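Read off the chains here:
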Amino acid sequence: MSTSTKAPVSSSSLDFSRSRQRTILYSFLVAFALGLPRWWYLTTVPRASLPTAAIHSLEHATMVPVSLTIAWDPTCSWRAKSENQQQPLLPIASVGELHRATRRAYARVLGDGDHNGGHGSSPSLALAGHAPWRVHFDVAVSSALLAPNPIATACAVQGGARKEIAVDADGRLVVAAESMDDAALQLAKFLARVSHTVATPLETLPYSPQYELLVSLIVQDPSTTPVRSWPIARVERSILRPLLTQLLGPNRVDIVSQVQYGGDPGVGAGTEAADSTNGRPIVVVPADQLPHFVNPDWKLATVSPNHTGVHLITYLPDPWRPITLMRDDGPTQWNDFRVPRWGAVVVRNRTELGDRDLDELAGVWVHHLRELVGVRSMLGPTIENIHFAAGPLGVNAVEVAAFHLGQAAVHLVETTASLAALVRLTDQLDALPIAPEIADRVASAVAIVTRATTTSDNAVGAAEQQFAAAWAARQAAHEAFFHSDMVGLSYFPSEHTYAVYMPLFVPILVTVAVVVVKDTRMRRAGK
């Protein structure tokens, strides 16, 4: 019986094996020491710092200060000399006394139930639709030479028993009163009317950095309505573009026109009836069917896909089947209707469109654009005996100023909400990148909102400047929130990232750690 024995391993072979093992171990350790920091740097999401503390403080702000200053011109310098002679000027001893009397009357006119006195002696009104925000009004009457950014210019004439205010298209007031106190009361009523207009902004178009006004002419039957073109360029150049520039600012609305043929009304819009005068067939569209009048097959897409569309549609029906649009109380005023936050439709039972028709249409379009943009009407006489005159574009300068102040407040509130939502989003998703340009836009928006909500005087500028600044703040917040770096990828929590990398790194780290421990023990044992 034979037995086999293993040859003894020489100490030199063991030393070589251990040396090679340690070389491999040290190579792993060096690779980890050099590679892990680099891996950590490459997998770390770049996040620029945001002014989080400032944004959190804005969340607690609930007051938008608005200054309403009237520039007092005792000579009524803008009026014709003959008018001044017909109505003698009302002497005002001191503009300072008129200022104090107007502030006292303003507080009385607004009423204790409509405001609170938490912001000095001047009242504030709740900003409609944006609770708990309020608008704090600081009213003043100052000399025309010293008035900072006045909302209107005013003077007074002796009106006897007739106490009223006439406001021309440029926002200049002529107050008819018997005394300084009467003039102050009339000014207070005017300021209260403006204040309520500012604090109750109308529902407007959905916010967009850029709009596209699509003016469409739709001809139902081109064989019976031989309209091949329409002189829309003149109306666009003289009315539409100047009006939108005055309301929304320059370069914020693109105007596009088109003509479509063969467009029928939507299914279910209108029922046939007989005309009461001649018995001819007509189509009557009652109020509950107006939303169905716009046919989904009409080509109404915007030319620029990133622009928000606003539509002004002029519809020419078949002349043998004229269309009448109805409301609950009878036919509509201009055979038209408006779709809130979208546009308006005007039906013209015509076979052609000339310059006179375009002028009439322009007046209807101005009316609808005012409502769509959110200009609350002040035109005509009011219960406070304030008569507002319309300008050549269908708006009064005071209307425009009140619109700008009200929309500026809305933009500031919405900007604050967007910034707060952005901070909450970045706090919840720590893998969400924050590029430097995003931080710059956020910082710009925060600076504008902070200044607008903490400045109690008129240093923020005129109404148009305040509107432009608030628009810029909202645009910056909008661009930051919808930046391509933030919405272009899918993000997940950090623990998901660890779950992806652990199957790769844990087995390697465990093996290396076991070898390190074993080698350390052998060294201590002197082997």
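First things first, this report covers the structure right here in the doc. (Residues numbered from 1 in each chain as written. Predicted model: local features only at pLDDT ≥ 70, side-chain atom pairs only at ≥ 80, totals over all residues. Heavy atoms only, no water.)

**Observations concerning the pattern of salt bridges**
Then step 1. One pass over the structure, following the stated rule, counts 17 salt bridges.
Then step 2. One salt bridge connects R348 with D357, and the closest N-O pair in it is separated by 3.6 Å. Like D357, R348 is buried.
Then step 3. The salt bridge involving E360 is made with R356; its shortest N-O contact spans 4.0 Å. Taken together, the positions of E360 and R356, both in helix α7 (residues 355–373) and four residues apart, correspond to about one turn of that helix.
Then step 4. Since its relative accessible area comes to 36%, E360 is described here as partly exposed. (Salt bridge = Lys/Arg side-chain N within 4 Å of Asp/Glu carboxyl O. Buried < 20%, exposed > 50% of the residue type's maximum accessible area, 1.4 Å probe, protein only. Helix = DSSP H or I, 4+ residues; strand = E, 2+ residues; numbered from the N terminus.)

**Description of the packing of aromatic side chains**
Then step 1. Counted under the stated rule, the structure contains eleven aromatic pairs.
Then step 2. Note on F190 and F388: the rings are 6.3 Å apart at their centroids and 25 degrees apart in plane angle, and the pair reads as stacked. Taken as a pair, F190 in helix α5 (residues 180–199) and F388 in strand β17 (residues 386–388) lie far apart in primary sequence, 198 residues in all. Taken individually, F190 and F388 each receive the classification buried, so the pair is uniform in this respect.
Then step 3. Aromatic pair W298 and Y315: ring centres 5.5 Å apart, planes at 25 degrees, arrangement stacked. In this pair, W298 sits in the loop between β10 (281–285) and β11 (308–316) while Y315 sits in strand β11, placing the two residues 17 residues apart along the sequence. (Phe/Tyr/Trp six-rings, centres within 6.5 Å; stacked < 30°, edge-to-face > 60°.)

**Here we look at the pairing of strand β5 (residues 164–167)**
Then step 1. Here β5 pairs with strand β6 (residues 172–177) via four bridges, running antiparallel. When the bridges of β6 are listed, E164 appears paired with A176.
Then step 2. Adjacent in sequence and paired antiparallel, β5 and β6 are bridged by four residues, among which G171 carries a positive phi angle near 80 degrees.
Then step 3. With three bridges joining them, β5 and β17 adopt parallel strand pairing. Paired with I165 across the bridge in β17 is I386. (Pairing = 2+ DSSP bridges.)

**A closer look at the packing of helix α2 (residues 52–59) against helix α9 (residues 436–454)**
Then step 1. Contact geometry of α2 with α9 gives a least axis separation of 10 Å together with a crossing angle of 40 degrees. For the element pair α2 / α9, the angle class is oblique. Judged by the twist between their axes, the crossing of α2 over α9 is left-handed. In contact with A54, I55 and L58 of α2, α9 contributes V442, V446, V449, T450 and T453.
Then step 2. The class makeup of the residues in the contact of α2 with α9 is six nonpolar, two polar and no charged. (Axes fitted to C-alpha atoms, helices over the stretch in contact; angles between N-to-C directions. Parallel < 35°, antiparallel > 145°, perpendicular 65-115°, else oblique. Left-handed = near helix turned anticlockwise from the far one by under 90°. Contact = heavy atoms within 4.5 Å. Nonpolar A, V, L, I, M, F, W, Y, C, P; charged D, E, K, R; others polar.)

**Thoughts on unusual backbone geometry**
Then step 1. The omega torsion across A131 and P132 is 5 degrees, close enough to zero to call that bond cis.
Then step 2. The topology assignment puts P132 in the loop between β2 (124–126) and β3 (134–143).
Then step 3. A positive phi angle is found at C76, which is not glycine, with a value near 50 degrees.
Then step 4. Within the secondary structure, C76 sits in the loop between β1 (63–72) and α3 (81–86).

**Some details on the sheet that holds β10**
Paired through their backbone hydrogen bonds, the strands of a sheet run either parallel or antiparallel.
Then step 1. With respect to topology, four strands assemble into an open sheet ordered β9-β10-β12-β13, the strand pairing being mixed. Taken across any chain shown, the strands that pair with only one partner, and hence form the sheet edges, are β9 (271–274) and β13 (330–331).
Then step 2. Pairing geometry for β10 and strand β12 (residues 323–327), over three bridges, is parallel. Its bridge partner being in β12, V284 is matched across the sheet by T324.

**Examining the sheet that holds strand β14 (residues 336–339)**
Then step 1. One open sheet accounts for five strands, arranged β8-β7-β11-β15-β14; its pairing is mixed. Each edge of the open sheet carries a strand with a single partner, namely β8 (253–261) and β14. Taking the axes of each pair of neighbouring strands and ignoring which way they run, one obtains an average angle of 15 degrees across the sheet.
Then step 2. As paired elements, β11 and strand β15 (residues 343–347) share five bridges and run parallel to each other. Counterpart to I313 in the pairing with β15 is V345.
Then step 3. Packed onto the sheet, α7 meets β7 (211–219), β11, β14 and β15 and runs at close to 25 degrees relative to β14.

**Digging into the side chain of N295**
Then step 1. Position of N295 among the secondary structure elements: in the loop between β10 and β11.
Then step 2. Residue N295 is classed as buried on the basis of its relative accessible area of 13%.
Then step 3. There is a polar contact of 3.0 Å between the side chain of N295 and the backbone oxygen of D264.
Then step 4. If near-sequence neighbours (up to four positions away) are discounted, N295 is found in contact with D264, P265 and G266. (Polar contact = N/O pair within 3.5 Å; in protein donor to acceptor, adjacent residues only side chain to side chain.)

**Points about the packing of helix α4 (residues 95–110) against α5**
Then step 1. Remark: α4 packs on α5, axes separated minimally by 8 Å, with the N-to-C direction vectors making an angle of 50 degrees. One way to sum up the angle between α4 and α5 is to call them oblique. For the pair α4 and α5, the crossing hand works out as right-handed. Residues E97, L98, A101, T102, A105, Y106, V109 and L110 of α4 form the contact with α5, whose participating residues are M180, D181, A184, L185, L187, A188, K189, L191, A192, S195 and H196.
Then step 2. Its residues assigned to classes, the contact of α4 with α5 shows 13 nonpolar, three polar and three charged.

**Describing the nonpolar core**
Then step 1. Counting residues in hydrophobic clusters, the biggest one holds 73 residues, and the most contacted among them are L68, F137, L187, F190, V194 and V442.
Then step 2. Among the elements that line this core, the one with the most residues is helix α8 (residues 397–428), at eleven residues.
Then step 3. Of all hydrophobic cores here, the second largest spans 41 residues; its members include V235, L316, L361 and W365. (Core = buried A, V, L, I, M, F, W, Y, C linked by side-chain atoms within 4.5 Å.)

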